[in-house]
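Chains, contacts and geometry: an overview
Each chain, letter by letter, is given below.
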Amino acid sequence: MGNTRTLRRSALCMALGLGLASLAVPTAFAGNTDGSVVGHTQANAVVTVTSPSTGLTRTITADGNGNYRFPFLPVGDYLLTVNSNGNAVGQSRHVTVTLGNATTVDVGSNANATELSSINVTSNALPVIDVTSTESATNISRETLTRLPVEQSVASVALLAPGVVKGNAGFGGISFGGSSIAENAFYVNGLNVTDFYNRNGFSEAPFDFYQEFQVKTGGYSVEFGRTTGGVVNAVARSGTNEFKFGTTITMEPGNWHSAAKDRYNADGSRYITASRDQDSLVKTNVWAAGPIIKDKLFFFAMYEARGSEPHNTDNLGKTITYNNADNNFWGTTINWNVTDSNTLSLMAFSDKTKNVGDVYGYDYDTHTVGPRSNIINSDTGGRNWALTWSSYLTNDLSMKLMYGQNQRDANTQSQLDVQCNVVAGTTGFLNIHDPGVALGCTNSSTVYARTDKRTQYRADFEWTLGSNLLRFGYDHEKNVSDYARHYTGPGEYYYNLYATSPGSTIPNGGVVPPGYDAYVRARRYEIAGTFPTINSAFYVEDNWSITPNFVLNAGIRNDSFNNEDASGRSYIKISKQIAPRLGFSWDVKGDASMKVFGNLGRYYLPVANVINIKQAGGLLDERTYYGFAGWDIQTLNGLTYAVPKLGAQIGPVDDSQGNGTVGDLRSEVDKNMDPVYQDEAILGFQQLINNNWSWGVRGIYRRLHNAIDDMEISATPKCGGDGYIGWVMANPGKKVTVWGDTNCDGTPDGYLTIDTSKYGWAMYDSDGNYLGQRGWVKPKRTYEAIELQLDKAWDDKWSFNASYTAAWNRGNAEGPVNSDTDFDDTGRTENFDDPYVNLSNGFLPNDRRHQLKLRGTYALSKNWQVGANVEVNSGGPITGYGVGNPYDATNYHSYFICVDKCGSIPGQFDTNGDPVQYPSEDRVYKSSPRGNYGRLPWTYTLDANITYVLPYDGGKMRVKLTAFNLLNQQRTVQVDQDLQTDISPQTNSTFRQPIGFQAPRYVQLSFSADF
């Protein structure tokens, strides 16, 4: 009896695992737009898969060992049959193909499995363990999302995966596994839609356009590259032989949004005005899908009209802007079954958006709207399309070719671009000098026009060779940024105002004269040009079933990046970026109920196009500092506003970041630069608990190597401070080869190499005497995590998923952006401006020690469902940034604070009456390391929904009411981390002041009907 029970339990596990315990079955890898079906049957049997919905039929012959494989199958449901010598083998099987995965089905190859063939198993019904996969990925279908309270954005879908957290509140984004927000990749139907200008966003379609998402958090194939973070891979919906149509109406009325809180200083003055802000949104989506030619040609088409009219005040509550967006969407897919061995697919969509912002004067106390003062026009988004040809060349060799374009526009202009400069004051400044009226007469900071256009093509092949599956391909992108930008107003100046004290040293090294308790920074910023980048890669991968229960995956990718200047000259060119990846999967019991897997991999990150523009585009970035001499109160278009009066100029004009010319690029780029790359190691375990439940655990280690960033090389080993080179894009802490002065005569005449771990930065005392030089610390970033997951699959009654991640994200460099200081010019951070900026190793901004995610749906009855999504995160670290350092006289953002002899010597003045400062060598500094001031509070977010579902013949109606942030938590997610803003004994009065918060609760009602 005991042996019988054991046999039945083993056979049931095999059925629940879709027969993944195969005998030398080719490994189950799939492409980025489709899936695969693989398995084992009788030797030389004829295997056929047919899509009941599209008529697509493919037939192959199993090899002499009974192995078979169908690659490049469109996502959907199939019927699989097997025949041998004209006789049916086993029973027909219903198979569901999911995005980026392989479904394994054995037919007639094992008596025990065949006896249970009456059990109808699909990947949507049970927690299948794919014992042939070595990657870490989460698949989420459109059907799953309709049951859950998830915000309608791709980022919100990605956040459902373990180890993914929101980026800094200042510029958003998402962080995968401790990486910065600028290291991820996003695909739709194989088309890369990632923002390549700054890598901080992507092109996006409405939820109803997508069929399925796959969120890859680690261990992904060499097919994917140009990322050291994560990958979000999506596939669009398509038509079938059945004509269907439908609509979805989504409403978010303004009065269904809870008000944000105003924020006040200790003295009762308001520094953030948010309670009058309000969003409202109505979206009407209509779609249709069906056959153009039955079994041959199909279409899916969608149009979404959106009415979005949010309004918001400025932080002073002196102006209010009413926005009206025209961001209607269209999208389509067309699929042609040319033959049973060839398909052609087109995907296209437009996410173009035009927004008009009407700006009015506003009186917060009386809630009175004044006359209109400005109109701001913004255009974003663009058109995207991809054409894909898939072909079965032979029984064992398949091919997929893709060509497409991705376009993103970003244009901003206003009616007051010529008349009005932008004026902005820090909270500390406004506590002293609040003018009582609006700052400046515009909040449109720049006249800005940018078009980013990616042209992409790729070829992917799969070749089955016995127990080996060989995958190889080529991927090529040309990314062109057409860019122009300058500040608004007379002189094109942007005015920033800061509190200070007489005798303090400000960022350009100037000393604040007597009589000034604040200063003005007048900044000019201009650049224009067209800048291309060429990215290409080859890859090859072997997936080898060494034994019936053990799969080895070995691959290699060779990337090359070529960033060009406006004249088409190579500016940064890096080739032969060899990325090896090795993974294994062990089916422990041989019945697909338990799996041990792991992988090692290397991943490279390209240089964003913003670097081409800023470093090789003739950037003018000119900063002039003045004492603040009071307010000039003016009126324009009925708006009373204040602009600063400029007092005495303080210190020299600083154009070190760009003087408006393109210099000798040989002196601005390391000739032998190494790329940025990350190594990753993962070890994991998965197990079926029973026919509904599974669990798993995963350990992750990531280490980032190198940085490509700008660093000011102000000395050479041979010439000392007389060998000044300037700002160079290079690898900090490594040997740098640039064009410079080789014989110390003041004239650049040849290439020289500087070991920047020891040399490159000239040190001077307060009198300008040369003290020697030092080098940079190499960048460091590690991520260590343990992830636990528990999953209960949907069974028409309820589903549940829980994940807990304990993570440690340490180092001295977050990545190509600085989210803790809101510095988002990717690859041009403050991290390595001088050697002292980065002298702190600790917990990085994306460190969230604890992450808990819970989501699930429960069917109260046939027609009623409730769902919930809970996310709990511990807070990130708080650092107190200082200015200056104990080693020389320079003043930069740093991890030191001055505690004694920081300003002027009491009672001492020079011949001009200015205070005499303590020599820089007498200043006393204290270290202020990363995370030294505690952590942000924990955040708790509960989203909940209730849904009424009414099935009817040929379709379904769904009414869904969702409350996001149901408990209306508005906890702090960002604080001011500047402990000192200049070299003085004073600390910043707004240090640790909350400046970013959880979004308030809002309620969404959606109605959908399919026919």
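Just so you know, these numbers come straight off a predicted model, no measurement behind them. (Residues numbered from 1 in each chain as written. Predicted model: local features only at pLDDT ≥ 70, side-chain atom pairs only at ≥ 80, totals over all residues. Heavy atoms only, no water.)

**Structural notes on a nonpolar patch on the surface**
Together, W256, W798, Y858, L860, W864, I946 and L961 make up a nonpolar patch on the protein surface, roughly 630 Å² of accessible area in all. Note on placement: W798 falls in strand 49 (residues 798-811). By relative accessible area, which is 31% here, W798 ends up partly exposed. (Patch = residues over 30% accessible without salt bridge, like charges linked within 9 Å, V, L, I, M, F, W, Y side chains within 5 Å. Areas by Shrake-Rupley, 256 points an atom, 1.4 Å probe, with all protein chains shown as cover. Salt bridge = Lys/Arg side-chain N within 4 Å of Asp/Glu carboxyl O. Helix = DSSP H or I, 4+ residues; strand = E, 2+ residues; numbered from the N terminus. Buried < 20%, exposed > 50% of the residue type's maximum accessible area, 1.4 Å probe, protein only.)

**A few points about helix 6 (residues 609-616)**
Residue pairs three or four apart in sequence face the same way in an α-helix, which turns once every 3.6 residues. Here helix 6 lies mainly inside the structure; 8 of its 8 residues are buried. Within the sequence span of helix 6, burial applies to N609, V610, I611, N612, I613, K614, Q615 and A616. Taken together, the buried residues of helix 6 touch strand 32 (468-487), strand 34 (518-547), strand 35 (550-564), strand 36 (570-587) and strand 43 (726-730). Backbone geometry just downstream of helix 6 places G618 in the positive-phi region, at approximately 70 degrees. (Contact = heavy atoms within 4.5 Å.)

**What to know about the nonpolar core**
Counting 36 residues, the largest nonpolar core has L145, F209 and M347 as the members making the most contacts within it. Those residues in contact with F209 that lie beyond four places of it in its chain are A236, R237, F300, M302, F329, G331, T332, T333, M347, A348 and F349. In terms of nonpolar packing, the next biggest core, distinct from the first, is built from 28 residues, I527, F531, V607 and L665 among them. (Core = buried A, V, L, I, M, F, W, Y, C linked by side-chain atoms within 4.5 Å.)

**Concerning the state of the cysteines**
A complete count under the given rule lists 3 disulfides for this structure. Paired by a disulfide, C719 and C744 hold their sulfur atoms 2.0 Å apart. Taking the sign of the torsion about the S-S bond as the criterion, the disulfide between C719 and C744, at about -90 degrees, is left-handed. Of the two residues, C719 sits in the loop between strand 42 (709-713) and strand 43 while C744 sits in the loop between strand 44 (735-740) and strand 45 (750-755), which places them 25 residues apart along the sequence. Exposure remark for C719: the relative accessible area of 9% places this residue in the buried category. (Disulfide = S-S within 2.5 Å.)

**Notes on the pattern of salt bridges**
Applying the stated criterion across every chain, the model contains 35 salt bridges. Among the salt bridges present, the one from R458 reaches D475, with a minimum N-O distance of 3.6 Å. Linking R458 in strand 31 (residues 446-465) with D475 in strand 32, this pair joins segments that are 17 residues apart in sequence. Under the relative-accessibility criterion, R458 is labelled buried at 4%. What makes D475 buried here is its relative accessible area of 2%. With a closest N to O distance of 2.9 Å, R698 and E787 form a salt bridge. Of this pair, R698 sits in strand 41 (residues 693-705) while E787 sits in strand 48 (residues 781-792), and the two are 89 residues apart along the sequence. One continuous salt-bridge network, built from bridges that share partners, spans R226, R454, R458, D460, D475, E477, R557 and D559.

**Notes on the sheet that holds strand 1 (residues 35-40)**
One open sheet holds the 3 strands; their spatial order is 4-1-8, and the pairing between them is mixed. The open sheet has two edge strands, strand 4 (67-73) and strand 8 (102-104), and neither has a second partner. Put simply, the sheet's adjacent strands are angled 15 degrees from each other on average, direction ignored. Bridge count between strand 1 and strand 4: 5 bridges; the pairing is antiparallel. When the bridges of strand 4 are listed, G35 appears paired with L73. (Pairing = 2+ DSSP bridges. Axes fitted to C-alpha atoms, helices over the stretch in contact; angles between N-to-C directions.)

**Some words on the confidence of the model for the protein chain**
The predicted model of the protein chain averages 90 in pLDDT, with 95% of residues at 70 or higher. Per-residue pLDDT stays below 50 along residues 1-28; that stretch engages in 80 contacts with residues further than four places along the chain or on separate chains. The low-confidence segment residues 110-127, where pLDDT is below 50, has 41 contacts with residues more than four positions distant or belonging to other chains. (pLDDT = per-residue confidence, 0-100.)

**Examining the pairing of strand 19 (residues 281-293)**
Strand direction decides the pairing type here: strand 16 (residues 244-252) and strand 19, joined by 9 bridges, are antiparallel. Of the residues in strand 19, the one forming a bridge with G246 is W287. Here 12 bridges tie strand 19 to strand 20 (residues 297-308), and the two strands are oriented antiparallel to one another. Bridging across to strand 20, A289 finds its partner in F300. A loop of 3 residues connects strand 19 with strand 20, the two strands running antiparallel in sequence, and D295 in this loop sits at a positive phi of about 65 degrees.

**Remarks on the sheet that holds strand 14 (residues 210-218)**
What links the strands of a sheet is backbone hydrogen bonding, and the strands pair in either a parallel or an antiparallel sense. The 5 strands are arranged 9-14-15-12-13 in an open sheet whose pairing can be described as mixed. The outermost strands of the open sheet, each flanked by one partner alone, are strand 9 (136-141) and strand 13 (191-192). Of the pairings in the sheet, the one linking strand 9 to strand 14 comprises 6 bridges and is antiparallel in character. For A137, the partnering residue across the bridge sits in strand 14 and is K216.

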